[in-house]
Each structure stands twice: as C-alpha cells, then as structure tokens.
Amino acid sequence: MCRSIKTLRPPVLPEEATEEDIRAAALQYVRKVSGFRAPAAHNREVFEQAVDEIAEATRALLEGLEVRGAGGAAKRQAQPSASAAA
C-alpha cells in the first residue's frame, strides 16, 4: 500500500485537489509500482509518460465521482434543482 498517497476527494480533502496533489499521487503510484524512486535515463520517458497518464486518469476519476452527503459535490452542483426547474 502506498501510504504517502492521500485521499483526494471531499470530504477528506476540504477543497478540490490541485494539479500538484494529483501529480504527486500519480508519481507516488509509479514509484511504488516500478520500484524506482527516480528512473534511470533509459527509463525516464516511459516513467514520465506513466505519471502523466495516471494523473489524467485521476483527474477524470475525481471529476466523475459523485460523493453523496458531501454537501456540494460537483455532480450535484452541475444539476439544476427541482425547484429551479418548476
């Protein structure tokens, strides 16, 4: 388990995750899976590509999650309320 990767969604994180938060989590994941803290020169490109792809997947996940009972989840804010439609 990657203990240094923190939960990036509300209500655990009081605000939206920043790009820095997302990239740090992606980097920790790639480090853990690859077993390298920093890649050798011949692995640098594939290492960075993995970090970029995991960061993008993390962004998409966080944008798509609906956290019920969080009071202000992104999905709920995007949907018009029933009283506004009436």
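You'll find the structure just up there.
Below: a short report on this structure. (Residues numbered from 1 in each chain as written. Predicted model: local features only at pLDDT ≥ 70, side-chain atom pairs only at ≥ 80, totals over all residues. Heavy atoms only, no water.)

Quick look at the overall build of the chain
At step 1: Each helix and strand in the chain was counted, giving four helices and zero strands.
At step 2: Overall, the chain shows an N-to-C arrangement of helices and strands of α-α-α-α.
At step 3: Out of the 86 residues belonging to the chain, those deemed buried represent 19%.
At step 4: In the chain, 49% of the contacts between residues at least 6 apart in sequence involve partners at least 24 apart.
At step 5: When the accessible surface of the chain is totalled, it reaches about 6,600 Å², and 54% of it is carbon and sulfur. (Helix = DSSP H or I, 4+ residues; strand = E, 2+ residues; numbered from the N terminus. Buried < 20%, exposed > 50% of the residue type's maximum accessible area, 1.4 Å probe, protein only. Contact = heavy atoms within 4.5 Å. Areas by Shrake-Rupley, 256 points an atom, 1.4 Å probe, with all protein chains shown as cover.)

What about helix α1 (residues 19-34)?
At step 1: Along its 16 residues, α1 runs 22 Å from first to last C-alpha, staying within 8% of the 22 Å computed at 1.5 Å per residue.
At step 2: Of all the residues in α1, the buried ones are Asp21, Ile22, Ala25, Ala26 and Val30. Projected onto a plane normal to the axis of α1, the buried residues spread over an arc of 165° and lie on a single side.
At step 3: Residues of α1 that are buried sit in contact with α2 (44-64).
At step 4: Trailing α1 by a residue or two, glycine 35 shows a phi angle of about 80°, which is positive. (Expected span 1.5 Å × (residues − 1). Arc of directions from axis to C-beta.)

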